[in-house]
Amino acid sequence: FFCLIYVFWLLIIPSFVLMLSKVQTFKEDFFMVAKILDGKQIAKDYRQGLKDQVEALQAEGYTPKLSVILVGNDGASQSYVNSKKKAAEKIGMISEIVHLDESTSEADVLNELKRLNEDDSVSGILVQVPLPDQVSEQKVLESINPAKDVDGFHPENIGKLYIDQQTFVPCTPLGIMELLNHADIDLEGKDAVVIGRSHIVGQPVSKLLLQKNASVTILHSRTKDMKRYLKNADIIVSAVGRPGLVTKEDVKEGAVVIDVGNTPDENGKLKGDIEYDEVKEVAGAITPVPGGVGPMTITMVLNNTLIAEKMRRGIE
Ligand code: NAP
């Protein structure tokens, strides 16, 4: 009798464990949970790689320097430029903020730019936008030396991107591509939908996806029946700034969803365009906000500054 009981438990316990594991696998398959594209961690690893490269450059006697022009006292702008400076210094670069008064004339901003363009110690230049009304953003962007234009907004660099030439690519789109690359997401022949057509995100990221042989559709505020495009998309990049724009019902099972939206709510908490909690139940991969695309953007500023320094020193 005791033998029988012993054999019974010997059989029943492994069967029970097996059954539990099957239930778990079934749950994972049935209730799909997206892979979280952790921009914070990916950016941290990427910056370590940049730090190593900066050290190698320093051994040859060169230290990359990032100069940022800030005009006025906008709180958000000040915080952005401070984060860029801190991030640059953390990987061994030199960084300076050229802080000009809110009332600075356009001519004086352009003079500052000219000085930085000609300063041999400066590798990369950024001009923080928005600028005060008396200063034309277009004129300023056109006045940055294209070889130091680490934001990739100079018309010459934008043009080069569109004819597939090597150039400085705007940092948010570049960061998105690095996130996709890091997660080994194959873009070849995929249907990609980009929501938003701005010059800093929507359009350049569309071009970069096209370069990777995705078939790209760009949606915007005049698009009729946006949901029709979204439902068929393998990749969705949303760069609008409207929380709740994309819901679970819009997303195909297994799609990769990149949320660029960055809108502060009434408590100052950043919100993306995607209904993250529900969309992650159907998506194959998804970026959180905050902690997705944001950290990658600053990382790509550093990346472009390093490239600028290497290019002018003729280093591969
Ligand atoms: P933007 O210049 O204002 O462009 C927004 C785009 O969204 C426009 O093309 C607009 O269409 C489109 N749009 C507006 N309402 C829409 C709707 N209901 N349906 C479909 N499309 C709509 O903004 P942006 O500079 O590209 O930035 C977009 C968002 O990304 C913002 O939240 C911004 O804060 C964020 N962002 C984040 C980072 C980061 O590093 N995380 C960097 C840059 C921007 P029209 O062209 O027809 O007006």
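For the structure, check the block above.
In this text the structure is predicted, and so the values were computed from the model without any measurement.

The rules we used
Residues numbered from 1 in each chain as written. Predicted model: local features only at pLDDT ≥ 70, side-chain atom pairs only at ≥ 80, totals over all residues. Heavy atoms only, no water. Near = heavy atom within 4 Å. Polar contact = N/O pair within 3.5 Å; in protein donor to acceptor, adjacent residues only side chain to side chain. Nonpolar A, V, L, I, M, F, W, Y, C, P; charged D, E, K, R; others polar. Helix = DSSP H or I, 4+ residues; strand = E, 2+ residues; numbered from the N terminus. Buried < 20%, exposed > 50% of the residue type's maximum accessible area, 1.4 Å probe, protein only. Contact = heavy atoms within 4.5 Å. Core = buried A, V, L, I, M, F, W, Y, C linked by side-chain atoms within 4.5 Å. Phe/Tyr/Trp six-rings, centres within 6.5 Å; stacked < 30°, edge-to-face > 60°. Lys NZ or Arg CZ within 6 Å of the ring centre and 35° of its normal. Pairing = 2+ DSSP bridges. Axes fitted to C-alpha atoms, helices over the stretch in contact; angles between N-to-C directions. 1 Å grid on protein atoms, 1.4 Å probe; cavity = no way out; pocket = protein on both sides within 12 Å on 5 of 7 lines; lining within 4 Å. Points joined across faces, edges and corners; volume = space filled by probe spheres on them.

J.: Any chance you could explain the site of the ligand here in plain terms?
T.: Residues in contact with the ligand amount to 19 residues; listed here are only the nearest, R197, S198, S221, R242 and T297. In this structure, an oxygen atom belonging to the ligand sits 3.4 Å away from a main-chain N or O atom of V260. The separation between an oxygen atom of the ligand and a polar main-chain atom of N262 is 3.0 Å. Split into classes, the residues belonging to the shell around the ligand amount to seven nonpolar, 10 polar and two charged.

J.: Explain the side chain of T305 here, please?
T.: When you line up the elements, T305 lands in helix 11 (residues 293-312). According to the relative accessible area criterion, T305 is buried, its value standing at 0%. Excluding anything up to four places from it in sequence, T305 contacts P64, K65, L66, M93, S123, G124 and V150.

J.: Quick question: what am I supposed to make of the nonpolar core here?
T.: It is characteristic of soluble globular proteins that their nonpolar side chains tend to be buried jointly. Counting 49 residues, the largest nonpolar core has I176, L180, I185, L209, V237, I258 and V260 as its most contacted members. If you tally residues by element for this core, the top one is helix 11, at eight residues. Within the second largest apolar cluster, 18 residues are counted, among which are V193, A233, L245 and V282.

J.: Just checking my understanding: could you explain the packing of aromatic side chains for this structure?
T.: Describing an aromatic ring pair means giving the distance of the ring centres and the angle of the ring planes. Tallied over the entire structure, the rule returns zero aromatic pairs. Looking at R228, its charged tip hangs above the ring of Y229, at a distance of 4.6 Å from the centre.

J.: How should I be thinking about the sheet that holds strand 6 (residues 215-219) in this particular structure?
T.: Ordered by their spatial adjacency, six strands build an open sheet running 1-11-8-7-5-6, and the pairing between neighbours is parallel. Each edge of the open sheet carries a strand with a single partner, namely strand 1 (35-36) and strand 6. Two elements, strand 5 (residues 191-195) and strand 6, share five bridges in a ladder whose sense is parallel. Bridge pairing links I195 to L219 in strand 6. Running over the sheet, helix 8 (residues 202-211) touches strand 5, strand 6 and strand 7 (235-238) and is turned about 170° from strand 5.

J.: Is there a simple way to think about unusual backbone geometry in this case?
T.: Trans peptide bonds make up most of the peptide bonds, and negative phi angles are found at most residues other than glycine. Of note, the amide linkage connecting V129 to P130 takes the cis form, showing an omega dihedral of 5°. Considering the arrangement of structural elements, one finds P130 in the loop between strand 4 (124-127) and helix 5 (137-143). The step from V289 to P290 runs through a cis peptide bond, and the omega angle for that step is -5°. Relative to the assigned elements, P290 resides in the loop between strand 11 (285-286) and helix 11. Residue D184 is not a glycine yet carries a positive backbone phi of 60°. Within the secondary structure, D184 is located in the loop between helix 7 (171-182) and strand 5. Non-glycine residue N213 carries a positive phi angle of around 70°.

J.: Even after reading the chapter, I still don't get the layout of surface pockets, so can you show me in this structure?
T.: If a probe as big as a water molecule is rolled over the atoms, it shows which places are left empty. The computed volume of the largest pocket comes to approximately 1,600 Å³. Y80, N262, G294, T297 and I298 are the residues nearest the centre of the largest pocket, which is lined by 50 residues in total. Here the lining of the largest pocket takes eight residues from helix 3 (residues 75-90), the largest share from any one element. When its residues are assigned to classes, the lining of the largest pocket shows 25 nonpolar, 14 polar and 11 charged. Considered as a void within the structure, the second largest pocket measures approximately 700 Å³ in volume. Lining of the second largest pocket is provided by 29 residues; of these, Q166, V169, L174, L208 and Q211 occupy positions nearest its centre.

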